[in-house]
Amino acid sequence: MKIKSTLENYLFVLPAVVIFVIFYVIPFIWVFQLGLYEWDGILPTKTFVGLSNFKEILFEDKIWWQSMWQAGYITLIALTLQNMLAFLLAWACDREIRMKNFYRVIFFIPPVLSEVVVGLVWQWILDGNYGLLNNWLAHFGLQNMARNWLSDPKTALTTVAVVHCWKGFGWGFLIFLAGLQTIPRELYEAARMDGANAWHSFRKVTIPLMVPVTVMVSILTVLGTMQAFVLIIAMTGGGPAYHTQVPVLRILGSMRGSSRFGYACAQGITFGLILIIISFIQYRFSHKARQA
Amino acid sequence: MFKSQILKLVAICGLCIGILSGCAPKKEAGKPSITAWHWMTDREPAFQELAKRYEAETGVKINFELYAPSDAYSQKVRAAAQGVNLPDIFGILSEKRDFSSFIKAGHILELTSYMDEADGQWRSKFFAKALAVNEFSEGNTYAIKPGVYGVPLDIMTIQMVYNKDLLKQMGFNPNRPPNTFAEFIEVGRKIKEAGLQGLVSGWGEVWMIDCLANNYAFNIMGKDKVLATIKGEIPYTDPGWVRVLTLFKEMQDSGVLANGLVTMINKNAEQLFANGRAVFAFNGSWCVNVYKGMNPNLNYAAMLPPAASEKYPMSIWGGAGSSFMVNARSKNKEEAVEFLKWLTDKNQQAYLAEATANLPANKESLSKIPEILSQFADDMESTTHPNVWGISEFPAVIEAFDKGIQSIIIGEKTPEQIAAEVQKIKQRELAKKR
């Protein structure tokens, strides 16, 4: 009877396992295998090069590591600025304020817009010659601050990061809001009866209960931001020079620009492993924090 | 009970198969249907019209399938090549190296015998430079059997255009654009003083930087030295190459380059020029159609990039604009070749040129093109293209060179630094190849 029940359980998860194996495990193994070859993506023959593609990525490809750091910088801004903004807005919308449903819709508009459209619109706003932002700055007497936001190496990356935050904060907002709504109102009532003010309630009730949600949002932010590239292509194409290059753009460049499919696969595997390690570390830290 | 369920299942399956087979396109016996993939959004209506005419004339149906943008099209063609399911006719949007891989993989039919039959009647219709882009010559470094492997549909040149009204506004003769680099720099200073935008181009898509840099490399060092550099016989730290890189610094310092040029995409550059906001543009002959659509009253003319040296002539990139190849594995390859012969015939080429404002690949069809387009055609003799050099530079070197020019323009690095960095990458790639 127990064996039958166990077999039944396996039978139920079998479709999911099959789909996972076909669409995730096999492609991963295949991509890893391709990473061991030099191949242009057209010829039927591939040249086995062992781990030399991985060696080149790890020890010779400086631009790859520059792109990793730049993606890390955008992620850092997203983790702090974007998530803080998302949390504060979600917290505000969770309270009894007027037109909160309207705000919920407004805040969720940027994430549902096409990244290419957002990139092109922001490119137009930030244009150094005829951009709206520089026009406003001049209008308010701040023409000294006007610049070529996307072509200046000092501002390009931060500008892209800020636009990415604007585009992405709605997801965090939605998840934070859902999390806040699961906190029992009685806890706030009890805290108030015990003499806690709004700040104390926030610190002692909201924050501890929102830790699991924050962890999830953080992991999603890291994974989403590290893999961002559509917005960047639309805004700067990875330039000026290499200043807004990110890993996915490098992988794309290896495939399309250089016709090095094997190397691109090796980059993809390396990048995937780095993301897994980051997520694991993040999870371990947050797990410890929760236990503490 | 069980039996009736099986019968029901069989009946449902039969019904499904019947419905699905009913959805399949009907094939008329004896009349082959040719499928052609392309990426040219602007030429789609003209292609459809020509397909109709061809079917009316011969009974052969041509299915033009558009896959745009060009990046997506390239990926589709590569994926189809990997799956060995390319259409009867297709185009390749890559460098000569990739073109050679398609041939080596047996995807492309050699067309030399078709070109040469009847005393080379088909071959003689094309501009030699247009055909050269699809040709592999004797002793080519790609190890491809010499011959013709593609059919050019149109020709193009990539050069400069200037706004006549803006040039006049700055006090220059609108019919005499800057001829030398020194004159160009002088205009740049005036542009800066007038608060106008100078040269616009799609330098965010770095291949256009590469194009202009190569023009100047040919002008300063000559073809032989440029090719010797690609072969690894001359380093990029050679004074000639440093001079080429320095030209970009001088352009930036003079103010002749538009603000934000390093991240500008060509569509934006075209808008700026078409709206009369930029004095110069570096663009291909396809721009005539684009500017016509954006601003039909734009008063402009074509010019060669101003020469930086008198030692060698100024060479610009040009040749075949877009080409079609025939799938060597197609069972309709003979019909596909026949269709391409028809498509590149005088009348069809004239129709394409008129409908799409592109330069026809057929020499006999040039008479009907607009004046501005004929200015581009006039410079056809000054053209060259990496696809006719018989040798390709390493992609990593090209990237370092082009991105290096961006670094020079944004004032981050000096020409000497970039030359040294590019040479280092060149040596690494050469060592890897060895």
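Fair warning: this is a prediction, and the values are worked out from it, not measured in the lab. (Residues numbered from 1 in each chain as written. Chains lettered and ligands numbered in written order. Predicted model: local features only at pLDDT ≥ 70, side-chain atom pairs only at ≥ 80, totals over all residues.)

Turning next to the overall build of chain A. From N to C terminus, chain A includes 13 helices and two strands. In terms of principal-axis extent, the alpha carbons of chain A reach across some 80 × 75 × 30 Å. Within the span of chain A, comprising 292 residues, buried residues form 34% of the whole. Within chain A, contacts between residues separated by at least 24 positions form 69% of all contacts whose residues are at least 6 apart in sequence. (Helix = DSSP H or I, 4+ residues; strand = E, 2+ residues; numbered from the N terminus. Buried ≥ 20, exposed ≤ 12 C-beta atoms within 10 Å, placed from the backbone. Contact = placed C-beta atoms within 7 Å.)

This next bit is on the overall build of chain B. Within chain B one finds 18 helices and twelve strands. Structurally, chain B occupies a C-alpha span of about 90 × 60 × 55 Å along its principal axes. Taking all 434 residues of chain B together, 46% fall into the buried category. Looking at chain B alone, contacts between residues at least 24 apart form 76% of all its contacts between residues at least 6 apart.

A word on the nonpolar core. Among the nonpolar cores identified, the biggest contains 129 residues, and B:L111, B:V200, B:A281 and B:L340 are the most heavily contacted of them. No other element matches helix α9 (residues 207-221) of chain B, which puts ten residues into this core. Those residues in contact with B:L111 that lie beyond four places of it in its chain are B:V148, B:Y149, B:V151, B:V326 and B:V337. Among the nonpolar cores identified, the runner-up in size contains 50 residues, and A:F169, A:F173, A:M226 and A:V248 belong to it. (Core = buried A, V, L, I, M, F, W, Y, C linked by C-beta atoms within 7 Å.)

All names here are of chain B. Mapped onto the elements of the fold, F324 is located in strand β10 (residues 316-326). Judged by C-beta crowding, with 22 C-beta atoms within 10 Å, F324 ranks as buried. Excluding residues within four positions of it along the chain, F324 makes contact with A36, I89, G91, G150, V151, L153 and L340.

Once that is clear, we can look at the environment of A:M99. All names here are of chain A. Relative to the elements of secondary structure, M99 occurs in the loop between α3 (62-94) and α4 (100-107). Residue classification places M99 among the exposed residues on the basis of 10 C-beta atoms within 10 Å. Each C-alpha atom, one on M99 and one on I251, is 45 Å from the other, the two residues being 152 residues apart in sequence.

To continue, consider helix α11 (residues 239-254) of chain B. Residues and elements named next belong to chain B. The first and last C-alpha atoms of α11 sit 22 Å apart over 16 residues, in line with the 22 Å expected at 1.5 Å per residue. All of the buried residues in α11 are W241, V244, L245, L247, F248 and M251. On its buried face, α11 is in contact with α8 (181-194), α9, α10 (223-231), α17 (395-409) and α18 (415-433). (Expected span 1.5 Å × (residues − 1).)

What follows concerns the interface of chain B and chain A. Counting from both sides, the interface comprises 26 residues of chain B and, opposite them, 22 residues of chain A. Mapped by element, the contributors of at least two residues to the side of chain B that touches chain A are α3 (70-82), α4 (96-104) and α17 of chain B. It is α17(B) that provides the largest number of residues to the side of chain B that touches chain A, a total of six residues.

Attention shifts here to the pairing of β10(B). Residue and element names in this part refer to chain B. Within β10, eleven of the eleven residues are buried, which leaves the element mostly enclosed by the surrounding structure. By the bridge criterion, two bridges tie strand β3 (residues 89-90) to β10 in an arrangement that is antiparallel. By the bridge assignment, I89 is partnered in β10 with V326. Note: strand β6 (residues 151-163) against β10, seven bridges, orientation antiparallel. In the strand pairing of β10, I158 is matched with W317. Where β10 lies against strand β12 (residues 383-384), two bridges are found, and the strand directions are parallel. Across the sheet, the residue bridging to W317 is T384, located in β12. (Pairing = 2+ DSSP bridges.)

Attention shifts here to the packing of helix α8 (residues 156-181) of chain A against helix α10 (residues 198-226) of chain A. Residue and element names in this part refer to chain A. At a closest axis distance of 10 Å, the pairing of α8 and α10 adopts a crossing angle of 155°. If you check the angle between α8 and α10, you find them roughly antiparallel. Where α8 crosses over α10, the two elements pack in a sense that is right-handed. Contacts between α8 and α10 pair H164, G168, G172, I175, F176, G179 and L180 from the former with M210, V213, M216, V217, T221, G224 and T225 from the latter. A per-class count over the contact of α8 with α10 returns seven nonpolar, seven polar and no charged. (Axes fitted to C-alpha atoms, helices over the stretch in contact; angles between N-to-C directions. Parallel < 35°, antiparallel > 145°, perpendicular 65-115°, else oblique. Left-handed = near helix turned anticlockwise from the far one by under 90°. Nonpolar A, V, L, I, M, F, W, Y, C, P; charged D, E, K, R; others polar.)

This brings us to the environment of B:A281. Residue and element names in this part refer to chain B. Position of A281 among the secondary structure elements: in strand β8 (residues 278-284). Residue class for A281 comes out buried when judged on the 25 C-beta atoms lying within 10 Å of it. When the C-alpha atoms of A281 and T237 are compared, they prove to be 29 Å apart, with 44 residues separating the residues in sequence. With residues near it in sequence (within four places) discarded, A281 still touches M160, V161, L199, V200, S201, A269 and F273.

Moving on to unusual backbone geometry. In the segment running from A:G239 into A:P240, the intervening peptide bond is cis, with an omega of 0°. Cis peptide bonds are those with omega within 30 degrees of zero, and the linkage from B:A68 to B:P69 qualifies with 0°. With respect to the element layout, B:P69 can be found in the loop between β2 (61-66) and α3. Despite not being glycine, A:S259 has its phi angle at roughly 55°, a positive value. The topology assignment puts A:S259 in the loop between α12 (247-257) and α13 (261-291).

This brings us to the confidence of the model for chain B. Interpreting fine coordinate detail is not advised for predicted regions of low pLDDT. Taken residue by residue, chain B gives an average pLDDT of 89. The fraction at 70 or more is 93%. With a pTM of 0.85, the predicted complex shows an ipTM of 0.83. (pLDDT = per-residue confidence, 0-100.)

Each turn of an α-helix holds 3.6 residues, which means side chains three or four residues apart point in the same direction. Here α8(A) is 26 residues long and its end C-alpha atoms lie 38 Å apart, about the 38 Å a rise of 1.5 Å per residue gives. The sharpest bend along α8(A) comes to roughly 40°, located at A:G168. (Bend = angle between axes of the 7 residues up to and from the residue.)

Residues and elements named next belong to chain B. For the pair α11 and α17, interaxial distance at closest approach is 9 Å and the crossing angle is 35°. The handedness of the crossing between α11 and α17 comes out as right-handed. Taking contact as the criterion, the partners of L245, F248, K249 and Q252 in α11 are, on α17, I405, I408 and I409. Split by residue class, the contact of α11 with α17 holds five nonpolar, one polar and one charged.

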